[in-house]
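Structural overview
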Amino acid sequence: MSTLSFFGAAGTVTGSCSLIEANGLNVLVDCGLFQGNKATRALNYEPFPFDAESVDLVLLTHAHTDHSGLLPKLVKAGFSGPIYCTEPTADLLEFMMRDSAKIQESEAERRSRRNQRRGQDEVEPLFTMEHAENTLKQLETVSLDSWFEPASGFHVRFQNAGHILGSASAEIHYKDASSQNTMRLLFSGDLGPDEKSFHEEPGGDAGFDYVICESTYGDRERDDYTLKQRREALKRELNAGLERGGNIVIPCFAVERTQELLHDIGVLMERGEIPGATVFLDSPLARKVTSVFVDYAHTLDDIELPENELFRNPNFRIVESVDESKAINRIEGGAIIISASGMADAGRIQHHLKNNIWKRNATVLFVGYQAPGTTGAHILSGASDVRIHGKEFKIRATIRRIGNYSAHADQSELIDWILERGPVVGGLFLNHGDNEAREELARLLSERGMDADKIWMPHFDESFDLSAGTPQSKGRAKDKPGSMRAGFDEAELTRDWYTEYASFSIDLSNALEQAESDTARQEILKRLKETLETK
Ligand SMILES: [Zn+2]
């Protein structure tokens with residue numbers, strides 16, 4: 001009997017976690033953190049809907065937090081088996097996992113202090129540094145393209161997924177004991193685009209019983225950009241920003257995007273296509289991750305600088321101490337400041353935004369996706385002010401975005417990848433995408449000749465029996481008596497009253513500020529009070 005369950009990233013893009021139960025073996029593919037609205041984040045604090053102690057091993061597709069972030073929680077809950085991943089993934093996790101343990105510990109401390117003031121209980125961190133360290137000890141590295149047998153009769157091979165450094169798809173073969181059928185499964189992990197610095201496009205074998213594929217951009221088709229066109233766009237933005245005279249502040253993801261950007265800026269400077277401005281990289285995690293990229297420079301594709309000069313332009317200042325970071329505050333203009341977090345919600349980027357966003361000659365340049373509800377999305381929405389660290393700042397800087405850096409395959413690239421993996425005899429499961437993205441992808445795949453009855457869009461916590469050769473849904477854990485997540489409504493994953501409230505409160509404060517007189521302000525408040533009373 002073989003069962004496949006989806007315990008995250010079903011109808012959403014975070015919390016990737018699938019469980020294969022086969023021949024008495026329990027294998028988890030990824031164990032990611034839930035990110036997004038409040039209800040989704042709350043899932044991180046729920047017990048796992050399976051017994052962590054009974055998991056025999058984990059296959060980890062890549063280092064991103066939404067795929068790896070709950071591994072320390074799994075270890076805390078009693079998982080003591082090996083976690084298989086590629087070597088670069090393990091090296092990235094060395095830094096990323098400790099960084100996220102630090103965030104969890106300080107978040108719990110902050111919430112405990114708040115609770116103490118209210119006479120409430122202390123908050124226990126989701127996991128601690130000790131759990132993160134133990135998780136790192138359980139990592140077992142394997143090479144791309146070679147089969148290994150982590151348990152008797154259970155064969156695995158990782159293949160390039162072209163998404164970030166170390167990313168892989170996981171191919172699994174085993175003989176189902178009840179049906180005696182050989183099962184061939186393929187988990188895509190996150191798939192990269194065809195045209196991307198550092199990594200070749202994703203590939204893999206063909207002919208599977210079951211393919212489990214991500215669908216993040218299932219409903220989006222990007223304009224095709226070559227690496228050269230992308231660099232041209234960056235050149236235009238940087239030259240225009242430097243001409244305005246102020247600093248250029250770039251919120252940037254620490255992993256992969258920062259290194260792509262540093263590489264592109266290095267190339268443009270080397271060719272004299274942009275002036276030799278000082279470039280600050282101010283993110284402790286991005287600095288460490290960049291050192292991992294240097295270690296793997298010999299494996300990177302499309303590098304246009306000598307390996308030993310990668311990220312080492314004389315104009316680059318890789319900031320280490322807090323004092324050095326603070327010193328950037330005194331720079332009035334002409335610098336390029338790259339800092340994390342990528343969506344401007346936390347980290348040192350917030351200090352740089354506070355220092356620059358209200359200046360007319362400054363530029364804020366976005367180079368990555370900004371999820372709804374984040375500070376980055378708010379700034380991009382054309383808002384007149386933004387709240388950072390509890391204070392409001394006028395947005396006077398020029399706000400720009402380059403949309404052509406992406407680590408994800410778009411719609412047609414996903415379709416091509418899936419069709420190249422065929423024939424898929426049992427079924428295709430679309431996960432890691434919201435419902436619109438999955439439905440659109442499924443529709444187009446059936447137009448291209450794939451049997452619509454074989455395309456499945458699993459629900460959150462849904463399990464499937466794979467033994468019969470076509471998937472048989474066993475329903476959702478939620479519907480079974482005693483389920484630990486019985487109270488969770490799937491619709492909560494996309495519902496987001498908290499974000500709407502945050503943006504409404506800024507609209508309200510603007511409306512009050514812009515009202516003609518105090519009487520007009522009182523009138524606005526009176527009308528709002530009336531709506532509350534009619535409830
Ligand atoms: Zn990813």
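Overview of the structure. (Residues numbered from 1 in each chain as written. Predicted model: local features only at pLDDT ≥ 70, side-chain atom pairs only at ≥ 80, totals over all residues. Heavy atoms only, no water.)

**Examining the overall build of the protein chain**
Which entries qualify depends on this criterion: Helix and strand assignments follow DSSP, with helices taken as H or I runs no shorter than four residues and strands as E runs no shorter than two, numbered in order from the N terminus. What the globule rule says is 2.2 Å times the number of residues to the power 0.38, and the radius of gyration is computed from C-alpha atoms. Remark: exposure states derive from per-residue accessible area (1.4 Å probe, protein chains only) relative to the maximum for the residue type, with buried under 20%, exposed over 50%, and partly exposed in between. Working rule for contacts: check all heavy atoms of both residues, and any pair within 4.5 Å makes them a contact. Note on areas: Shrake-Rupley with a 1.4 Å probe; residue coverage comes only from the protein chains shown. In this tally Asp and Glu are treated as negative and Lys and Arg as positive; neither His nor the chain ends contributes. Here the site of a charge means NZ on Lys, CZ on Arg, CG on Asp, or CD on Glu.
Scanning the protein chain for helices and strands turns up 15 helices and 23 strands. In terms of overall size, the protein chain behaves like a compact globule, its C-alpha atoms giving a radius of gyration of 24 Å where 535 residues would be expected to give roughly 24 Å. On the principal axes, the C-alpha backbone points of the protein chain span a range of 75 × 65 × 50 Å. Looking at the protein chain as a whole, 53% of its 535 residues are labelled buried. Excluding contacts between residues fewer than 6 apart, the proportion of contacts in the protein chain whose partners are at least 24 apart in sequence is 73%. Total accessible area computed for the protein chain in this model is approximately 23,500 Å², and 47% of it derives from carbon and sulfur atoms. Side-chain charges in the protein chain split into 59 positive and 85 negative, and the spacing between the mean points of these groups amounts to 8 Å.

**Quick look at the coordination of the zinc ion**
Inclusion rule: Counted as donors are the N, O and S atoms within 2.8 Å of the metal, or 3.2 Å for Na, K and Ca, while water is not among the atoms, so some sites may look incomplete. Under this scheme a four-donor centre is tetrahedral when all angles range from 85 to 135 degrees, a four-donor centre is square planar and a six-donor centre octahedral when opposite donors are above 155 degrees with the rest from 65 to 115, and any other centre is irregular.
Around the zinc ion, the protein contributes the donor atoms H62 (NE2), H64 (ND1), H163 (NE2) and D190 (OD), at 2.2 to 2.4 Å from the metal centre. Around the zinc ion sit 4 donor atoms; with metal-centred angles ranging over 90 to 163 degrees, the donor geometry is irregular. Of note, the donors binding the zinc ion are all from one chain and are spaced H-x1-H-x98-H-x26-D. Taken as a pair, H163 in the loop between strand 8 (154-160) and strand 9 (168-175) and D190 in the loop between strand 10 (182-187) and strand 11 (208-214) lie far apart in primary sequence, 27 residues in all. Here H163 and D190 have matching classes, each one buried.

**Comments concerning the packing of helix 4 (residues 87-117) against helix 5 (residues 129-137)**
For clarity, the threshold we go by: Where helices are involved, their axes are fitted lines through C-alpha atoms of the stretch in contact, as for all axes, and angles between N-to-C directions lie from 0 to 180°. Any angle between 65 and 115 degrees counts as roughly perpendicular, while under 35 counts as roughly parallel, over 145 as roughly antiparallel, and the rest as oblique. Definitions for this section: a left-handed crossing has its near helix turned counterclockwise from the far helix by less than a right angle. A right-handed crossing has that turn clockwise.
Here helix 4 crosses helix 5 at 160 degrees, and the two axes come no closer than 8 Å. Relative to helix 5, the element helix 4 is oriented roughly antiparallel. Crossing angle aside, the handedness with which helix 4 passes helix 5 is right-handed. Listed contacts from helix 5 to L93, E94, M97, R98, A101, K102 and E105 of helix 4 are M129, A132, E133, T135 and L136.

**Remarks on empty space enclosed by the protein**
Just so we agree on the cut-off: A pocket, in this scheme, is an open set of points on a 1 Å grid over the protein atoms alone with protein on both sides within 12 Å along at least 5 of 7 lines, while a cavity is a set where a 1.4 Å probe fits but cannot get out; residues line either one if an atom lies within 4 Å of a point. Grid points are joined across faces, edges and corners, and a volume is the space filled by probe spheres set on the points. Residue polarity is assigned by list, with Asp, Glu, Lys and Arg as charged and Ala, Val, Leu, Ile, Met, Phe, Trp, Tyr, Cys and Pro as nonpolar; anything else, Gly included, falls into the polar class.
Evaluated as defined, the whole model comprises 3 cavities of 30 Å³ or more. In this structure, the largest cavity encloses a volume near 120 Å³. What lines the largest cavity is a set of 15 residues, among which S16, D30, H67, G189 and N431 lie closest to the centre. Within the lining of the largest cavity, the residues separate by chemical class into 4 nonpolar, 8 polar and 3 charged.

**What about the sheet that holds strand 12 (residues 248-251)?**
Put simply, the test is: Strand pairing follows a simple DSSP-based rule, namely that at least 2 bridges must link the two strands.
Spatially, the 6 strands line up as an open sheet ordered 14-13-15-12-16-19, and their pairing is parallel. Two strands bound the open sheet, and with one partner strand each, they are strand 14 (316-318) and strand 19 (398-401). Looking at each pair of strands side by side, their axes are set apart by 20 degrees on average, direction ignored. Relative to strand 15 (residues 335-339), strand 13 (residues 278-282) runs parallel, the two sharing 5 bridges. Pairing of T278 across the sheet is with A335, part of strand 15. In the packing of helix 6 (residues 227-244) onto the sheet, the strands contacted are strand 12, strand 15, strand 16 (363-366) and strand 19, and the crossing angle to strand 16 comes to about 165 degrees.

**Digging into the sheet that holds strand 10**
The sheet built from 7 strands is open, its strands ordered 7-8-9-10-11-20-21 with mixed pairing. The open sheet has two edge strands with one neighbour each: strand 7 (148-151) and strand 21 (455-456). As defined by bridge partners, strand 7 adjoins strand 8 across 2 bridges and the pair is classed as antiparallel. Each bridged residue has a counterpart across the sheet, and for A151 the counterpart in strand 8 is F154.

**Description of the pattern of salt bridges**
In plain terms, the rule: By definition, a salt bridge exists where a carboxyl oxygen of Asp or Glu is found within 4 Å of a side-chain nitrogen of Lys or Arg.
The tally for this structure, following the rule as stated, stands at 31 salt bridges. A salt bridge links E304 to R271, with the nearest nitrogen and oxygen atoms 2.6 Å apart. With E304 in the loop between helix 8 (284-295) and strand 14 and R271 in the loop between helix 7 (257-270) and strand 13, this residue pair connects regions lying 33 residues apart in the sequence. Judged by relative accessible area, which is 41%, E304 ranks as partly exposed. The class of R271 is partly exposed, set by a relative accessible area of 45%.

**Examining the side chain of H352**
Put simply, the test is: Residues adjacent in sequence count toward polar contacts only when both atoms are side-chain atoms; beyond that, a polar contact is any pair of N or O atoms within 3.5 Å, and within protein one must be able to donate a hydrogen and the other to accept it.
If you trace the backbone, H352 turns up in helix 10 (residues 349-356). Exposure remark for H352: the relative accessible area of 1% places this residue in the buried category. A polar atom in the side chain of H352 sits 2.7 Å from the side chain of D282. Those residues in contact with H352 that sit more than four places away from it in its chain are V249, D282, S325, I328, N329, I337 and S339.

**What to know about the layout of surface pockets**
Formally: Domain limits in this description derive from either an automatic procedure or a database domain assignment.
Approximately 380 Å³ is the volume attributed to the second largest pocket. Contributing to the lining of the second largest pocket are 20 residues, with L144, N160, G166, H199 and T299 lying nearest its centre. Of the residues assigned to the lining of the second largest pocket, the class counts are 7 nonpolar, 10 polar and 3 charged. Of the residues that make up the lining of the second largest pocket, three or more belong to each of domain 1 (2-221 + 407-493) and domain 2 (228-401).

**Looking at the environment of D410**
Relative to the helices and strands, D410 resides in the loop between strand 19 and helix 12 (411-420). In the structure, D410 is positioned 244 residues away from G166 in sequence and 20 Å away in space, judged by C-alpha atoms. Residues within four places of D410 in sequence aside, it is in contact with Y217, R220, E221 and R222.

**Describing helix 4**
Note on helix geometry: an α-helix contains 3.6 residues per turn, so any two residues three or four positions apart are oriented the same way. Spelled out, the test is: A helix is expected to span 1.5 Å for every residue after the first. Fitting axes to the seven residues that end at a residue and to the seven that start at it, the angle between those axes gives the bend at that residue.
Helix length check: helix 4, at 31 residues, gives a terminal C-alpha distance of 45 Å against a target of 45 Å (1.5 Å per residue), a fit within 8%. L93 marks where helix 4 bends most, by close to 35 degrees. Looking at the residues trailing helix 4, positive phi occurs at G119, about 70 degrees.

**Side note on the packing of helix 4 against helix 8**
At a minimum axis distance of 9 Å, the contact between helix 4 and helix 8 shows a crossing angle of 170 degrees. What the angle tells us is that helix 4 and helix 8 run roughly antiparallel. Here D91, L92, F95, M96 and D99 of helix 4 lie close against helix 8, whose contacting residues are L285, K288, V289, S291, V292 and F293. Classifying every residue of the contact of helix 4 with helix 8 gives 7 nonpolar, 1 polar and 3 charged.

No statement about biological role is implied by the geometric values presented.
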